[in-house]
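These are the residues of each chain, in order.
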Amino acid sequence: MTCKVTVQKNTFAESLAIVGRAVGSHTHLPILSNVLLSKDEGQLRLSATDLTLGVTVWLDAHMDGELGLTLPAKTLADVVNSLVEPEVVFSVNGKPEAALKCGAYKGVVKGIEASEFPTIPEFDVSSGISLDANILKEMILNVAFAASVDDSRPVLTGVLINMEGKSLSMVGTDGFRLAICKVDLPVTFAKRQMIVPASTLKEVVRIIGATKASKITLFLPLTGSQVVFRCENVQIVSQLIDGKYPDYQAILPKGYKTRTVIATADLLKACKQASIIAREGSNVVRFHLQPGSDQTGKVKLLAESDETGVSEIELDATVEGQELEIAFNVKFMQDGLEAITAKNVVIEANAHNTPAVIRSTGEEENLYVLMPMHIDGK
Amino acid sequence: MKSRKILHMDLDAFFCSVEELRDPSLKGKPFAVGGPAETRGVISTASYAARKFGVHSAMPTGRALRLCPGLILVSSFHGQYEEMSKKVMAIVGDFTPLVETLSIDEAFLDISDLPETPLQIARNLQTRINDETKLPCSIGGATNMLVAKIANDFGKHQHKEPTPPNAITIVEPGMEETFLAPLPVDALWGVGPKTAERLIRMGIRTIGDITRHTEEEMIQHFGRSGKELLDHARGIDDRVVQVEHTAKSISQETTFDVDINDRNILLQTLKRQSSQVGSQLRRQGFTAKTIRLKIRWDNFETHTRQVSLESPTNHDSVIMQSAIDLFLRIWSEGRKVRLIGVGASQLNQEPVQMSLLDTTTQKEDRLLRSVDELRQKFGNLAVYRGYDIHQKKH
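Worth saying up front: this structure is predicted, and the values here are computed from it rather than measured.

What counts, and at which threshold
Residues numbered from 1 in each chain as written. Chains lettered and ligands numbered in written order. Predicted model: local features only at pLDDT ≥ 70, side-chain atom pairs only at ≥ 80, totals over all residues. Heavy atoms only, no water. Helix = DSSP H or I, 4+ residues; strand = E, 2+ residues; numbered from the N terminus. Buried < 20%, exposed > 50% of the residue type's maximum accessible area, 1.4 Å probe, protein only. UniProt positions renumbered as here; feature names shortened; annotations may be inferred. Contact = heavy atoms within 4.5 Å. Expected span 1.5 Å × (residues − 1). Core = buried A, V, L, I, M, F, W, Y, C linked by side-chain atoms within 4.5 Å. Lys, Arg positive; Asp, Glu negative; His and termini not counted. Salt bridge = Lys/Arg side-chain N within 4 Å of Asp/Glu carboxyl O. Axes fitted to C-alpha atoms, helices over the stretch in contact; angles between N-to-C directions. Parallel < 35°, antiparallel > 145°, perpendicular 65-115°, else oblique. Left-handed = near helix turned anticlockwise from the far one by under 90°. Arc of directions from axis to C-beta. Pairing = 2+ DSSP bridges.

**Thoughts on the overall build of chain B**
The number of helices and strands found in chain B is 15 helices and 13 strands. By residue count, 47% of the 394 residues in chain B fall in the buried class.

What follows is the structure, given as structure tokens:
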């Protein structure tokens, strides 16, 4: 099997970068460090997988024969990135290696037989649901950060996606904070619930960014254990997380005793200031909410560390209800505020040891629920 | 190598001596500290007058009363024992920082670096303990822990009067094997009734008899411990006095009045200790990342095992579970335990991120907080766990 492939250097490099994200770091399965190069309906197809996530990219190339081999993703990408001429030519001659030529450059990259590469299932996504790529991206950015990065409770490393009627909702939680985002779309969903790895969704966001696509197709294969996203010439197949997602509805606070409305940007800036001192400890910042209507209320942020010192920031705010001192992990607070684009943010709290709700003004559906930190002696 | 100087200090009939201080009328009378016969109690310590009747520790109280019908029974009063023990250990600590506390009434001292002779130091130590605490104590001295301890036991047994021995027995360097030779084999550590029986079947009755066997023979009969037996019989013991580091930690230990091999008693002790550790942690506003189990077998061999927790805790249930897991890994059914303890270290006072989902943890948090408050108001016995009820009835 011989094949000479001619491909645009930039397209090739960009495509390698996209599949490269799925390349596993499994030292015990060296094949997963490789990218599969094959010919598919006249196009060059690149695939990579870490067994949870599989990414495939199709790109235009001239090929004079059949192609099928795997090459180490990093080496190949580094070589291609280093090339300067607009066109790259590589030839394969039966062996699992490719001879590359580009201007003054000549080289050989050694790989592994294509037959050793795990099969990435292919799906006809034409029956999938077409979604606005930007809306999906925003939703993911609003919830995926709250998912857990700790594998001890696998379901929490995923984002719960709920589809029902016209509504699409996503929930992410690591057990300390929880983000919910819900939108109504001009499509009708079959009722379905699934837990998608947050890492997959973060990949989807990157690919939407890289392809600048305006639409993305969501397809759910009948197997029930996978989800497919198709975005222009890129396909992402991901395993779903099996398990029971916690009953998050039960923990959403009902009502509040203290309600604070404050400028999002001011609060975010204050959090960043306080975190300089707080990061030396356990990121704890005490928020003192002092009632006062029409911006006569105060929100005081206090961070103290035996080693680094103290920082105190006082902000004007509208605070209704009871005075309250509540401590939060300031990093978690920042994460929540960064996901809010509205000018003002609302903080609804009940007590120093019960969860608080943070959301944009006027938003009832998109919530960030944050559990406080317990400070002893209080 | 310069030979070491080791002392073994043991308070004489410690619990009885403390009781005599509390109630001087007991002095010279046959009495014992222990549980009543009706609840199948056992004697934990017998006064020297009671010992004349054959009453000894670990004996069922019923039997002790038959041997010595006039025996006065005193129920144990631990708070005061601990207080007295602390005073004694403080005096011991004045002589050297190299102290290994074996139990409430027993300690090893490494005095190798002190200029005085072991006898001089032993006399000074005994005088101070006698004067300052009014408690009698016996001291053994030798070049190693094994011989120091046996010397002390030997010295105490030489005292035949119905009074505390307050003995001092020093084995001079080089005299270890000679000193041990005439003693019965079960004077050695690690020689329980079973091993003693096997030795007797081999014609070995005294420690000296052991030394007439070769290492090969001993290993053939007793495996690896055969070599240890032979070394010990020759008066060789390289163990060093293990000073307990007082790194920031909170712990609870119990030395049993009688060596215990009852699974339930051991587990209950661990559970009680775990809640005490948990409560101390909470009172001082700490959480701990490491839970430690300490266990001492009947032959004084001591082990510690520890586990690092995923997230710091001050919850009784987490401490308990970790301690029990560690215990079950090291203990085999039937093995006798002299001391058991639970410790918590890697303490921090950092605020804890509360969980949204893990409601059981938070429920326990609230429960423990209420329990702690009740105990603070009404004393430790105001609220206790179900597993303590059985014990409390006694």
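**As for the UniProt feature "active site" (unreviewed entry) in chain B**
Residues and elements named next belong to chain B. When the UniProt feature table is mapped onto this chain numbering, "active site" (unreviewed entry) sits at Glu 106. Here Glu 106 is to be found in strand E6 (residues 106–110). Those residues in contact with Glu 106, other than ones at most four positions away along the chain, are His 8, Met 9, Asp 10, Met 89, Glu 100, Thr 101, Lys 149, Phe 300 and Arg 338.

**Quick notes on helix H6 (residues 145–158) of chain B**
Residue and element names in this part refer to chain B. Between its first and last C-alpha atoms H6 spans 20 Å; for 14 residues at 1.5 Å apiece the expected length is 20 Å, and the two agree. With ten of 14 residues buried, H6 is to be regarded as a mostly interior element. Taken together, the buried positions of H6 are Met 145, Leu 146, Val 147, Ala 148, Lys 149, Ile 150, Ala 151, Asn 152, Gly 155 and Lys 156.

**Description of the nonpolar core**
Phe 12, Leu 37, Leu 44, Phe 287 and Leu 301 of chain A are the most contacted members of the largest nonpolar core, which totals 106 residues. Element by element, the count of residues in this core is highest for strand E13 (residues 177–197) of chain A, at eight residues. Counting 32 residues, the second-largest nonpolar core is a separate cluster that includes Phe 14, Leu 26, Met 89 and Ile 111 of chain B.

**Some words on the side chain of Glu 100 of chain B**
Residue and element names in this part refer to chain B. Note that Glu 100 resides in strand E5 (residues 99–103). In this structure, Glu 100 is buried with no salt-bridge partner, the nearest side chain bearing the opposite charge being Arg 296 at 4.5 Å. The residues contacting Glu 100, other than those within four sequence positions of it, are Glu 106, Ala 107, Phe 108, Met 145, Val 240, Val 241, Gln 242 and Arg 296.

**Considerations on the environment of Glu 161 of chain B**
Residues and elements named next belong to chain B. Counting through the fold element by element, Glu 161 comes out in the loop between H6 and strand E8 (168–170). Note on Glu 161: relative accessible area 48%, which makes it partly exposed. The spacing of Glu 161 and Tyr 48 is 113 residues in sequence and 7.9 Å in space, taken between C-alpha atoms.

**A look at the packing of helix H10 (residues 215–222) of chain B against helix H11 (residues 224–233) of chain B**
When two helices pack together, their arrangement is given by the angle between the helix axes and the distance between those axes. Residues and elements named next belong to chain B. Packing of H10 against H11 leaves a shortest axis separation of 6 Å and a crossing angle of 135°. By the criterion of interaxial angle, the relationship of H10 to H11 is oblique. As for the relative orientation of H10 and H11, their crossing is right-handed in sense. Two secondary-structure elements touch here, H10 through Glu 215, Met 218, Ile 219 and Phe 222 and H11 through Arg 224, Ser 225, Gly 226, Lys 227, Leu 229 and Leu 230.

**Re helix H2 (residues 73–82) of chain A**
All names here are of chain A. For H2, the set of buried residues is Ala 73, Leu 76, Ala 77, Val 79 and Val 80. End-on view of H2: buried residues confined to an arc of 165°, all on one side of the axis. The inward-facing, buried residues of H2 abut helix H1 (9–20), strand E2 (34–40), strand E6 (68–72), strand E8 (97–102) and strand E9 (105–110).

**Quick notes on the pairing of strand E22 (residues 344–349) of chain A**
Residue and element names in this part refer to chain A. Counting buried positions over the six residues of E22 gives five, a clear majority of the element. Strand direction decides the pairing type here: strand E17 (residues 258–263) and E22, joined by six bridges, are antiparallel. The partner of Thr 258 across the bridge, within E22, is Ala 349. Note that E22 and strand E23 (residues 356–360) share four bridges and pair antiparallel. Bridging across to E23, Val 345 finds its partner in Ser 360. Once E22 ends, the chain turns through six residues before running back antiparallel as E23.

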